[in-house]
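# Structural characterization, general
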Amino acid sequence: MDVEAFLDAVQKMPWYMEQIAYSEDVPARDARHGALDQPLDRRLERGLRDSGIDALFTHQTDAVNALRDGKNVIVSTGTASGKSLCYNLPVLEALLQDRTASAMYIFPTKALAQDQRKALGRLVPKSARLRYDIFDGDTPTHERGGIRRSSRLLITNPDMLHVGILPHHRLWYQRLRSLKYVVIDEAHVYRGVFGSHVANVIRRLRRICERLGSSPQFVLCSATIANPGEHAERLTGLPFEVVDDDGSPYGGKDFLFWNPPMLDLATGSRRSTNTESAQLFAELLRRYVRTMNFVRSRRAAELLYVYVRDNLKLSHPDIARRVMPYRASYLPEDRRAIERDLAQGRLLGVTTTNAMELGIDIGDLDATLLTGYPGTIASAWQQAGRSGRSGHRSLSVLVAHDNPLDQYLMRHPEAFFGKPHESARVSPGNPYILKPHLLCAAYEAPLLMEDTEYFGAELLWHAEELVEDGLLHVRNSRWYLSADMEYPAGEVNIRSASARTYSLVEKDSGVILETVEEMSAFLQLHPGGIYLHQGEQYLITDLDMEAGMAYAVQTDVPYYTQARDYTDTRILRQFRQRQAGKTQAYLGEVSVTTSVVGFKRVAHITEESLGEEYVDLPPQSYDTISLWFDVPPDTLEYIRRNRLDLMGGLHAVEHAAIGVLPLFAMCDRNDIGGISTPLHPDTGRPQVFIHDGIPGGVGITEHGYDIIEELWGATLQVISECPCESGCPGCIQSPKCGNNNEPLNKGVAELILQAILGVVTHG
């Protein structure tokens, strides 16, 4: 596309009001090629030539050389850099040269598995008789036996490995005992709860392989992250060689930061992010620019699709029919159809959640829109990298939300373009995650003392706890699964901290529309709530908590709903304490109780509040990890002596700090929560808590505790630099606040943070 001409045209439109806050010219680069220590198998060389590949990039040759030397390798390079050849070449070479060897490819989604199968079809010599198959939940039952017997390269996902392969490893005896390579693609996706589960699944795989006599090499591929080696080791429990010198060519990119214009300086209100993004999206589509628009939530994917479809319907009905929404919760056949239509050019644009962030082959795109910062620098570059894969110059635009983190980036683009990518974090030792996997492992083979090699020393006391709970029993220094435990893997949802899900059912037809995990069910499926599914609005009429069912009817109201919740935090144990700035910071275990207390109706387009209602739902409690900190005593005395709004100041600090923390930890804003109080019952002092929003925690607040001075500094910048008078969504207000953002005091929040950082003192 002609990026310069498009931007010139946009800046002449009547609705343009200096929204371009920053423009980064990401330069093009030439390819750099490397050499293999030994030539490839001639059959693979022929396959490469037939695919139009005459030379390998430096990161590809580095990876192949290291794998041939017997090392475990993680490749961490940019989008569309040809990472799949880093593992396809050595794996296929090994399988071609040793007819007894086998390999396993693990992808986080079924769509990626389908893509890889196509790629292998172009590379595997027809004469080799090398069978490769997908084995996942969609594999027909009548094909599974043949795959187990004959497939030497198994393409699967962590869910099927967890629930369908490891518990039945005796049926896979021949494949597992000859396993030479295990490939884990898109490794950066395995973070947080999902990554912590997968880390335990991989340990279970290694344990079974060792008992069957194999010790496979591991190959991991990842987007660019700050800690590829550490992350690979945490995922697998093995040492790794890092390959991160990207030798692939790049066509260059114009990357814009787009800030919706301020409507009211006093209140800090801005024009709707969705409106801004929809206008940009529509303008690109009118010019037949193939565009993908990433959004932060399933609701936003549907809303934005409706806005753009309605915008184009009258003036460009042909284009309006070539736009679709996409998200992971759609039925598989619907997702495949959208992917196929996009790859074959029938679709011109898609609004999508991060479900399309990964490397599904959807053809060449010219532009990507990011409606709201996706939470991490790594994800932002992954999403932006979906355009320009053909080697041509492309456009990416980050359209800011009115929240602390997005607004901080609009004012400090160097924090995005000049900062290293974040670290991916997993916590395989989280007891809420590890203990269920110990039961799974015991089902697969009795647990031994030696299994601490895989699960750590905590195996010993967790096993004893499971014995006390009647889930394991001990015989001859081995832990066996209790007789009444039939199939523990079936009870463990590796993509959630909760094993239970709620089904959304269309009331009139009885059709199940989607499933929602229990942790977020009350926020999304409360009675009176509006739920969007494939562009259609549904009103939640009933919530059956016992059956795990929510019932809905289709509706056409001019608003959507936002749930309100209230959180209470109690300290269970303090782990650490340190002097930080001019105050004390703490880290420990807390009990968090959250109650969804109501919801508000918000008008489409204008975002105007149309009223609130209360709901009566039971509280949900869990134990997790939290940091908390004090207000310096002299500042506290100053605030009280001058009768300033202490609660409003603490509340504002809490909101802003939670909003900024994802800049330092690889997490989503919804992965963390917090409370603030002028008198906490467990400490007897004013306190601000920030906690992991996941039972047991996954390392987010531990990192926040370690870098808390940096967090305070960025939080102070967010508050003090915001042009609003008394607080707005861009600095101290939160859409999730259970107290409806009351009280909040911007001035007192600045005072507290300045005192903590030693910027000012008070007499």
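In the block above lies the structure referred to throughout.
Each chain has its residues counted from 1, following the order in which its sequence is written. Where local features are concerned, this predicted model is filtered to residues with pLDDT of at least 70; where side-chain atom pairs are given and counted, the filter is 80 or more; whole-chain, interface and lining totals use all residues. Water and hydrogen atoms were dropped before computing side-chain values, which therefore reflect all heavy atoms in the structure.

## Quick word on the pattern of salt bridges
Note that side chains of opposite charge can pair when their charged atoms are close. By salt bridge we mean one thing: a side-chain nitrogen of Lys or Arg within 4 Å of a carboxyl oxygen of Asp or Glu. Following the criterion strictly, the structure yields 34 salt bridges and no others. A salt bridge links Glu465 to Lys435, with the nearest nitrogen and oxygen atoms 2.9 Å apart. Placement of Glu465 in helix α20 (residues 458-468) and of Lys435 in helix α18 (residues 431-444) is noted, with a sequence separation of 30 residues between them. With its nearest N and O atoms 3.1 Å apart, the salt bridge here joins Arg576 to Asp706. Of this pair, Arg576 sits in strand β24 (residues 559-580) while Asp706 sits in helix α24 (residues 700-706), and the two are 130 residues apart along the sequence. For the purposes of this entry, the term helix denotes a DSSP run of H or I that reaches at least four residues, the term strand denotes a run of E that reaches at least two, and both are numbered from the N terminus.

## A closer look at the environment of Leu395
Locating Leu395 in the fold gives a position in strand β16 (residues 394-399). Taking the C-alpha atoms as reference points, Leu395 and Leu365, separated by 30 residues in sequence, lie 9.5 Å from one another. Apart from residues no more than four positions distant in its own chain, Leu395 is found in contact with Met1, Val3, Phe6, Lys253, Asp254, Leu256, Leu284, Asp366, Ala367, Thr368 and Ser387. Contacts are residue-level and defined by heavy atoms, with any inter-residue pair within 4.5 Å sufficient.

## Quick notes on helix α4 (residues 83-97)
Expected helix span is given by 1.5 Å per residue-to-residue step, counting one fewer step than there are residues. The end-to-end C-alpha separation of α4 is 22 Å, in line with the 21 Å expected for 15 residues at 1.5 Å each. For α4, a buried count of 13 out of 15 residues is recorded, marking the element as mostly surrounded by other parts of the structure. Burial classes follow relative accessibility: with a 1.4 Å probe on protein chains only, a residue under 20% of its type's maximum area counts as buried, one over 50% as exposed, and anything between as partly exposed.

## Some remarks on the sheet that holds strand β14 (residues 349-352)
Each strand in a sheet pairs with another by means of backbone hydrogen bonds, the pair being arranged parallel or else antiparallel. Strand order across the open sheet formed by seven strands is β1-β9-β16-β15-β12-β14-β13, with mixed pairing between neighbours. Edge positions in the sheet fall to β1 (20-26) and β13 (323-326), since each has one partner strand and no second. Shown here is a sheet whose adjacent strand axes are inclined to one another by a mean of 15 degrees, direction ignored. Across four bridges, strand β12 (residues 291-294) lies against β14 in parallel orientation. At least two DSSP bridges between two strands are needed for those strands to be called paired. Axis geometry follows a simple rule: fit a line to the C-alpha atoms, using only the stretch in contact for helices, then measure angles between N-to-C directions, giving values from 0 to 180 degrees.

## Description of the packing of helix α23 (residues 646-660) against helix α25 (residues 708-721)
Where α23 meets α25, the axes come as close as 9 Å, and the angle between the chain directions of the two elements is 110 degrees. One way to sum up the angle between α23 and α25 is to call them roughly perpendicular. As α23 packs across α25, the resulting crossing turns out to be right-handed. Across the interface between the two elements, Ala652, Val653, Ala656, Ala657 and Val660 from α23 touch Leu711, Ala714, Thr715, Val718 and Ile719 from α25. Here the contact of α23 with α25 is built from residues that sort into nine nonpolar, one polar and no charged. For classification, angles of less than 35 degrees are called roughly parallel, those exceeding 145 degrees roughly antiparallel, those between 65 and 115 degrees roughly perpendicular, and all remaining angles oblique. Each crossing is labelled by how the near helix is turned from the far one, with a counterclockwise turn of less than a right angle marking it left-handed and a clockwise turn marking it right-handed. Just so you know the grouping, Ala, Val, Leu, Ile, Met, Phe, Trp, Tyr, Cys and Pro go in nonpolar, Asp, Glu, Lys and Arg go in charged, and all remaining residues, Gly too, go in polar.

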